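# Report on the structure
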Amino acid sequence: MSRLFEPVKLGEVKLTNRIMHSATMESMADEEGNITDRHIERYSVLASTGIGLIVPGTMHVNDVGRFGTHSASISDDRFLPGLGRLVDIIHANGSKVAFQIQHAGRQTFRKVTGQRCVAPSKGKLDPMFLARPRVMSPAEIESTIDDYAEAARRAFELGVDGLQLHGGHGFLVNQFLSPFFNRRDDEWGGSDANRFRFVREVFNRWLDLKPASSFLMIKLSVNDFTPQRGITPELAARYTAWLSEMGIDCVETTCGTGSFSNMNIWRGDLPLKEMVGALPPAKRPAGWLVMRRMVGKFDYEEGYNLEAARTIRAAVPRMKLSLVGGLRHAEYMEKVLEDGSVDMISMSRPFIRELRLVDELRKGVSQVSCVNCNKCLATTVKNEPIKCSCD
Ligand SMILES: Cc1cc2nc3c(=O)[nH]c(=O)nc-3n(C[C@H](O)[C@H](O)[C@H](O)COP(=O)(O)O)c2cc1C
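All of the points below concern the structure found in this document. Because the structure is a prediction, the values reported are computed rather than measured. (Residues numbered from 1 in each chain as written. Predicted model: local features only at pLDDT ≥ 70, side-chain atom pairs only at ≥ 80, totals over all residues. Heavy atoms only, no water.)

Each helix and strand counted, the chain has 14 helices and 14 strands in total. For 391 residues, the compact-globule estimate of 2.2 N^0.38 gives 21 Å, and the chain sits close to it at 19 Å. Its C-alpha atoms give the chain principal-axis dimensions of about 50 × 50 × 45 Å. Out of the 391 residues in the chain, the part that is buried amounts to 61%. By sequence separation, contacts in the chain at least 24 residues apart represent 71% of the contacts at least 6 residues apart. Looking at the chain as shown, the accessible area adds up to about 15,000 Å², and 50% of this sits on carbon and sulfur atoms. A distance of 5 Å separates the average location of the 51 positive side-chain charges in the chain from that of its 47 negative side-chain charges. (Helix = DSSP H or I, 4+ residues; strand = E, 2+ residues; numbered from the N terminus. Rg over C-alpha atoms; globule rule 2.2 N^0.38 Å. Buried < 20%, exposed > 50% of the residue type's maximum accessible area, 1.4 Å probe, protein only. Contact = heavy atoms within 4.5 Å. Areas by Shrake-Rupley, 256 points an atom, 1.4 Å probe, with all protein chains shown as cover. Lys, Arg positive; Asp, Glu negative; His and termini not counted. Charge placed at Lys NZ, Arg CZ, Asp CG, Glu CD.)

Close contact between helix 6 (residues 192-209) and helix 7 (residues 233-246) brings their axes to 11 Å; oriented N to C, the two are set at 30 degrees. Judged by the angle between their axes, helix 6 and helix 7 are roughly parallel. You can see that helix 6 and helix 7 cross each other, and the crossing is right-handed. Side by side, helix 6 and helix 7 meet where Asp192, Ala193, Arg195, Phe196, Val199, Arg200, Phe203, Asn204 and Leu207 of the first sit next to Leu235, Arg238, Tyr239, Trp242, Leu243 and Met246 of the second. (Axes fitted to C-alpha atoms, helices over the stretch in contact; angles between N-to-C directions. Parallel < 35°, antiparallel > 145°, perpendicular 65-115°, else oblique. Left-handed = near helix turned anticlockwise from the far one by under 90°.)

Moving on: the nonpolar core. Phe99, Tyr148, Leu163, Phe198, Phe203, Trp206 and Met347 are the most contacted members of the largest nonpolar core, which has 82 residues in total. Apart from residues no more than four positions distant in its own chain, Phe203 is found in contact with Leu165, Leu216, Met217, Ile218, Leu243, Met246 and Ile248. (Core = buried A, V, L, I, M, F, W, Y, C linked by side-chain atoms within 4.5 Å.)

Here the focus is the environment of Leu46. Note on placement: Leu46 falls in helix 1 (residues 37-48). Under the relative-accessibility criterion, Leu46 is labelled buried at 0%. When the C-alpha positions of Leu46 and Ile90 are compared, they lie 8.2 Å apart, and in sequence the two are 44 residues distant. Once you skip the residues sitting within four places of it in the chain, Leu46 turns out to touch His21, Ile51, Ile54, Phe351 and Leu355.

Near the ligand there are 25 residues, and of these Ala23, Met25, Gly326, Arg328 and Arg349 occur at the shortest range. Between the ligand and Trp266, the relevant distance is 3.3 Å, taken from an oxygen atom to a side-chain nitrogen or oxygen of the residue. Summarising the interface, the protein chains cover 96% of the accessible area of the ligand, which totals 610 Å² for the free molecule. Grouping the amino acids of the shell around the ligand by side-chain chemistry returns 12 nonpolar, 10 polar and 3 charged. (Near = heavy atom within 4 Å. Polar contact = N/O pair within 3.5 Å; in protein donor to acceptor, adjacent residues only side chain to side chain. Nonpolar A, V, L, I, M, F, W, Y, C, P; charged D, E, K, R; others polar.)

Right, let's talk about unusual backbone geometry for a bit. Unlike most non-glycine residues, Ser27 shows phi in positive territory, near 50 degrees. Mapped onto the fold, Ser27 is located in the loop between strand 3 (19-21) and helix 1. One non-glycine residue, Asn383, lies in positive phi territory at about 60 degrees. If you trace the backbone, Asn383 turns up in the segment after helix 14 (375-381).

Another aspect to go through is the pattern of salt bridges. Evaluated as defined, the whole model comprises 25 salt bridges. Between Arg195 and Asp192 there is a salt bridge, with its nearest N and O atoms 2.9 Å apart. In this pair, Arg195 and Asp192 are both assigned in helix 6, 3 residues apart and thus about one turn of the helix distant. For Arg195, a relative accessible area of 10% puts it in the buried group. Between Arg310 and Glu307 there is a salt bridge, with the nearest N and O atoms lying 3.0 Å from each other. Pair noted here: Arg310 and Glu307 are both in helix 10 (residues 306-315), with a separation of 3 residues, about one helical turn. (Salt bridge = Lys/Arg side-chain N within 4 Å of Asp/Glu carboxyl O.)

Our focus in this paragraph is the side chain of Ser71. Secondary-structure assignment places Ser71 in the loop between strand 5 (59-60) and strand 6 (72-73). Relative accessible area serves as the criterion here: at 1%, Ser71 is assigned to the buried category. Only 3.5 Å separates the side chain of Ser71 from the side chain of His60, close enough to count as a polar contact. Of the polar contacts made by the side chain of Ser71, one reaches the backbone oxygen of Gly68; its length is 2.9 Å. Those residues in contact with Ser71 that sit more than four places away from it in its chain are Met25, Ala29, Gly33, Thr58, His60 and Arg66.

Structurally, Asn264 is set in the loop between strand 12 (250-254) and helix 8 (272-277). Judged by its relative accessible area of 9%, Asn264 falls in the buried class. Only 3.1 Å separates the side chain of Asn264 from the side chain of Arg267, close enough to count as a polar contact. Once you skip the residues sitting within four places of it in the chain, Asn264 turns out to touch Phe225, Cys255, Gly256, Phe298 and Tyr304.

By themselves, these figures tell us nothing about what the structure is for.
Printed below as a string of structure tokens:
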């Protein structure tokens, strides 16, 4: 009997199996941020395989928080028709859907947002974004929380089954949570409880808006790997205990930040030629210098977030956990479900390569065919629709 294909409940929502599509920015939105036919095609195929849960690519809450020139937006009611089509097509094909709600904070570019990026604190200059953020005022923090609430209102109006707060990869929520990024000494920083305040306030607003028949989750970096101490598995466990007390249903455990520990998010090869080639010509020499130093330092390892997830499970057994990061063998997936380490298996790159992966797993294939060459990342850097470019 396969554990992967057993049902699991998030809140009151029953998922027919434990396989989840981890949020994967498709770069398929139009320049405004509207959902396009490309999204609809991709997710109708994916949903038709009977996957337990689909989290489409990240959706930004406002313009300053936008990450990609072709990422989807949930920042205004004018995006509702496209987003509604997305929810409907996934439901019509038999899967459940949760939207991932995001703000990039310091990890974006003026050419994407048309303005200077913002962050909880100024922080160190980083090698990837070279960000010199404007520090958010308390009023701006409050209005950003309003934007998260408005995004949730829109999503629930459209009938999503759940919402996922993007709390990983060095984006805004991660910047608030991390002692490395958050150097504030007001009520939004200075202690773990204060650094958690942003997440608490967003979830409090979401809990007020949430229909009983839906769930809330967070994608949480459980290891920042920043130059000085950021989020560690122990701190992530502390945050998870607070999330559990609040009634949040699930944590998807991820790691790394785009700005200081980029390849930790992915692991595997760093396709230097493709990644440097994806940059604008003027940025290629600097990009080559930064990325060359990363080659060979982030070797692929199956389930690289498992140990951190186990730390969290031991500290907060009640919280449902979804594991993401380098899951490639069916036997491994079955084992970590069977031994109770986690409750769900989440994948991203394997679905870029094989949209019908769930059909294959159901038939009994023993491993996915993604080999972590990471050439798909270069496509994302170019803001082109995701595709597998593996040889
Ligand atoms: C092209 C691409 C786009 C991604 N976009 C997102 C995103 O929008 N939100 C997010 O939380 N993670 C994003 N990720 C990270 C994945 O969800 C996942 O955490 C990571 O790839 C590790 O899982 P995997 O080994 O199954 O690929 C992206 C990954 C890739 C390769």
